[in-house]
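# Observations on chain architecture
Here's the letter readout for the chains.
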Amino acid sequence: MRLVILASGNGTDLQSIIDSVEEGSIPAKIAAVISDKEGAYALERAKIHGIPTYCLSKKDLKDRFYRELLRIIEEINPDGIILAGFITILNEEIVNKFQNKIINIHPSLIPSFCGKGYYGEKVHKAVYEYGVKYTGCTVHFVDAGADTGPIILQEVVKVEEDDTPETIAEKVLEVEHKLLPYAVKLFAEGRLKVEGRKVHINQFK
Ligand code: GAR
């Protein structure tokens, strides 16, 4: 099982996958890390671990961005693609070519606080302002919509009285670092079966 990981930022979610692969709990190889942001620390993390990196600037490539992204992914020909804090919404062509093979992590309990415009700290600010008592994170397969694909795993995080958007972000991220590698492990072990909107998890390996 060869994986490509797409990341735009600090790359702590990416790091959680790298660590689990290196510990041997995810039976897969990370074939490459691709970023849409120059200078993303995620690229440095990959380099430190000897993983090939690619950086595609949307600003420079403009309407060639998706073509170039698909070209690189097809060249690598991975068994799965993991979006670990990737800000760009993939286009239909890429999503259709890798149906049920693209996994995303989102820092809220989908279908709340998700979709276009909800990413990173914007999510936690919206959660804070709405005054919900619980938030969390969701790992899901990617379909042609924004954060609408079948849900693999979710975990709840309690919002406390003295929480701020920043402390909510910290608490959610800590949970992400367990949930994402576990979802990738289930995927790599072939234990996920998608039936319509439902993802069935084979508990017996
Ligand atoms: C994570 O919280 C991830 O869930 C979120 O970006 C952060 C990346 O952190 N992803 C999205 O908002 C996607 N819609 P990281 O760069 O430290 O891994």
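Here the residue numbering is sequential within each chain, running from 1 through the sequence in written order. Predicted model: local features are reported for residues with pLDDT of at least 70 only, side-chain atom pairs are reported and counted for 80 or more only, and whole-chain, interface and lining totals are derived from all residues. Think of the side-chain values as coming from all heavy atoms in the structure, minus any hydrogens and water.

### Quick notes on the pairing of strand 8 (residues 192-195)
Counted only if it meets this: Strand pairing is defined by DSSP finding a minimum of two bridges between the two strands. Secondary structure elements follow DSSP: runs of H or I no shorter than four residues count as helices, runs of E no shorter than two count as strands, and numbering proceeds from the N terminus.
As paired strands, strand 8 and strand 9 (residues 198-201) are joined by four bridges and run antiparallel to one another. Paired with Val194 across the bridge in strand 9 is Val199.

### Some words on the site of the ligand
Here is the rule: We define proximity as follows: a residue is near a molecule or strand when any one of its heavy atoms falls within 4 Å of that partner. Between N or O atoms, a polar contact is any pair within 3.5 Å; within protein, one atom must be a potential hydrogen donor and the other a potential acceptor, and residues adjacent in sequence are included only when both atoms are from side chains. To measure how exposed things are, a 1.4 Å probe is used in the Shrake-Rupley method; for residues, cover is taken only from the protein chains shown. Charged residues are taken to be Asp, Glu, Lys and Arg, nonpolar residues to be Ala, Val, Leu, Ile, Met, Phe, Trp, Tyr, Cys and Pro, and polar residues to be all remaining types, Gly included.
The full set close to the ligand counts 14 residues, and Gly11, Thr12, Asp13, Gly120 and Glu176 are the nearest of them. Separating an oxygen atom of the ligand from a side-chain N or O atom of Thr12 is a distance of 2.5 Å. Interatomic distance of 2.8 Å between a side-chain N/O atom of Glu176 and an oxygen atom of the ligand. Surface burial for the ligand is 89%, taken as the share of its 460 Å² of free accessible area covered by protein chains. Those elements that provide at least two residues to the shell around the ligand are helix 1 (12-23), strand 5 (102-106) and helix 7 (165-188). Of the residues assigned to the shell around the ligand, the class counts are five nonpolar, seven polar and two charged.

### Here we look at the UniProt feature "active site" (unreviewed entry) in the chain
Inclusion rule: UniProt positions are given in the numbering used here, feature names are shortened, and annotations may be inferred rather than shown by experiment. Exposure is judged per residue with a 1.4 Å probe applied to protein chains only, and the accessible area is read against the type maximum: over 50% gives exposed, under 20% gives buried, and values in between give partly exposed. What makes two residues a contact is simply this: any of their non-hydrogen atoms within 4.5 Å.
Here, UniProt's "active site" (unreviewed entry) annotation points to His106. Residue placement: His106 occurs in strand 5. Note on His106: relative accessible area 4%, which makes it buried. Aside from chain neighbours lying at most four places away, what touches His106 is Phe113, Cys114, Tyr118, Val123, Cys137, Thr138 and Asp147. In terms of polar contacts, His106 uses its side chain to reach the backbone carbonyl oxygen of Phe113, at 2.8 Å.

### Focus: the UniProt feature "domain: Formyl transferase N-terminal" (unreviewed entry) in the chain
The sites that UniProt annotates as "domain: Formyl transferase N-terminal" (unreviewed entry) are residues 1-184. The annotated region residues 1-184 carries 39% helix and 22% strand content, and the separation between its end C-alpha atoms amounts to 11 Å.

### Considering the packing of aromatic side chains
Test applied: Centres within 6.5 Å make a pair out of two Phe, Tyr or Trp rings, where for Trp the six-membered ring is used; the pair is then stacked when the planes are under 30 degrees apart, edge-to-face when over 60, and tilted otherwise.
Taken as a whole and assessed by the stated rule, the structure comprises four aromatic pairs. Taking 6.2 Å as the distance between ring centres and 65 degrees as the angle between the ring planes, the aromatic pair formed by Phe141 and Phe187 counts as edge-to-face. One end of the pair, Phe141, is in strand 6 (residues 134-141); the other, Phe187, is in helix 7, with 46 residues separating them in the sequence. Residue classification places Phe141 among the buried positions, given a relative accessible area of 2%. Within the aromatic cluster, the residues linked to one another by ring pairs are Phe113, Tyr118 and Tyr130.

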